[in-house]
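Each chain, written out:
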Amino acid sequence: MATTTASVSISSSDLQVGNQLALNASTTCMKAGLTTGLEKIEMGKNTLTVADGSTSLKLATTAGVDGASKVYLCNNATDETFYIRLDLHDTIVGRLYAGDWLFIPWSQNDTTNELVIQAIGGSCPYEYAIFKEDETVVAGA
Amino acid sequence: MATINATVSIGSDIMSYATNISKTMTMKKAGTTTGLNLTTGLSSKRYTATTQVVLQTYNDVAVTSGGANKVYIRNTGSDKAEFFKVTLADATDAVEEIGRLYGGDWMLMPWEAASADHNIYVQPSTAEVMTLEFMIFFE
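It should be emphasised that the depicted structure is a prediction, and the values quoted were computed from it without experimental measurement.

Okay, the overall build of chain A next. Broken down by element type, chain A carries zero helices and ten strands. In terms of overall dimensions, chain A has C-alpha extents of about 55 × 40 × 25 Å along its principal axes. The buried share among the 141 residues of chain A stands at 42%. Looking at chain A alone, contacts between residues at least 24 apart form 77% of all its contacts between residues at least 6 apart.

Now the structure itself:
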């Protein structure tokens, strides 16, 4: 089986006076409820323009419903006022400002649960990776 | 201002060649080069029921709506069969499930925190003792 490991380290020496923040966590990304690793990956980079409006980063599919997919997304813009707004279907999750990244689980609890991104302020180059269990493929014409 | 750095490292052998991602961000206030300087501190919560409960409402702390807020959550357990369902908004509203944190899984996401639609809820998958830790960085 494949092994995908995701680690995070959050640190600050001056956020809380007299308290050094050094938070570390690591997980091996498994299929839902199993000890079998995720076996599919999708990665890419692109530039999102303001004119693009709301754009689907990834649609939820029947085969992915209730899975243990993980999503990494990073806004590589350099202008600190440009951000990518991430929506989950019709709900705003948050704003990724220049240089910000996110790592979230994505269970696709139903097929409307798509990931939607939108550039605000200016063009945002971005990169992403989705580690997933399965996905319904589209049949050829 | 404070300097808060967060680094993600992802390694995978799903492909026939190694995939490695490493990225560091310095958490800044929205649209500025000034660092975030507020936090809830690291908190831990223990659950013994499968009821959906609030983890953080948008107005519990003085979070700036639509800011560059960040939320870190981790299921501290090790059982890969047990999970916390993490959702935005109440189940009686138009709930949006973000995902499920299985044993050891963590997440770090931006947080809009502009209305009750952005309240964060969690729901354990079992009535066995489950614990999560979380920390919010905000402006």
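Below, the discussion takes up the interface of chain A and chain B. Across the contact, 53 residues belong to chain A and 53 residues belong to chain B. Looking at the side of chain A that touches chain B, the elements with two or more residues in it are strand E1 (4–16), strand E2 (19–28), strand E3 (40–48), strand E5 (69–75), strand E6 (83–88), strand E7 (91–97), strand E8 (101–106) and strand E10 (124–132) of chain A. With eleven residues, the single largest contributor to the side of chain A that touches chain B is E1(A). Residue classes in the side of chain A that touches chain B are distributed as 29 nonpolar, 18 polar and six charged. Bridge count for E1(A) against strand E1 (residues 5–12) of chain B is eight bridges, and the pairing is antiparallel. Each residue of the ladder has a partner; that of A:Ser9, found in E1(B), is B:Thr7.

This part covers the pairing of strand E2 (residues 19–26) of chain B. Residue and element names in this part refer to chain B. Pairing between E1 and E2: eight bridges, direction antiparallel. Residue Ser9 lies in a different strand from E2, and its bridge partner there is Ser22. Counted along the chain from E1 to the antiparallel partner E2, the turn is six residues long.

Here we take up the nonpolar core. Among the nonpolar cores identified, the biggest contains 74 residues, and A:Leu73, A:Ile84 and B:Ile73 are the most heavily contacted of them. Beyond its immediate stretch of four places on either side in the chain, A:Leu73 contacts A:Leu86, A:Leu96, A:Trp101, A:Leu102, A:Tyr126 and A:Tyr128.

It is worth spelling out the sheet that holds strand E9 (residues 115–120) of chain A at this point. All names here are of chain A. With antiparallel pairing, four strands are arranged side by side in an open sheet as E4-E9-E6-E7. Among the strands making up the open sheet, the edge pair consists of strand E4 (55–58) and E7. Neighbour to neighbour, the strand axes of the sheet diverge by 30° on average, direction disregarded. In the sheet, E4 pairs with E9 via three bridges, with the strands oriented antiparallel. Bridging from a neighbouring strand, Thr55 pairs with Ile117 of E9.

Definitions and cut-offs
- The numbering scheme is per chain: residues are counted from 1 as the chain's sequence reads.
- Chains carry letters and ligands carry numbers; both start at the beginning, A for chains and 1 for ligands, and go up in the order they are written.
- The model is predicted, so local features are restricted to residues of pLDDT at least 70 and side-chain atom pairs to those at 80 or more, both for listing and for counting; the totals for chains, interfaces and linings are taken over all residues.
- Helix and strand labels come from DSSP, where a helix needs a run of H or I of at least four residues and a strand needs a run of E of at least two; each type is numbered from the N terminus.
- Each residue is classed by its C-beta neighbour count within 10 Å, where at least 20 other C-beta atoms makes it buried, 12 or fewer makes it exposed, and intermediate counts make it partly exposed; the C-beta atoms are placed from backbone geometry.
- By the criterion used throughout, residues are in contact when their C-beta atoms, derived from the backbone, lie within 7 Å.
- Residues were grouped as follows: Ala, Val, Leu, Ile, Met, Phe, Trp, Tyr, Cys and Pro as nonpolar; Asp, Glu, Lys and Arg as charged; and all remaining residues, including Gly, as polar.
- The pairing criterion for strands is at least two bridges between them, as found by DSSP.
- Defined on buried residues, the nonpolar core groups Ala, Val, Leu, Ile, Met, Phe, Trp, Tyr and Cys residues joined through C-beta atoms within 7 Å.
- Under this scheme, a helix contributes an axis fitted over its contacting stretch, all axes are lines through C-alpha atoms, and angles between N-to-C directions fall in the 0 to 180 degree range.

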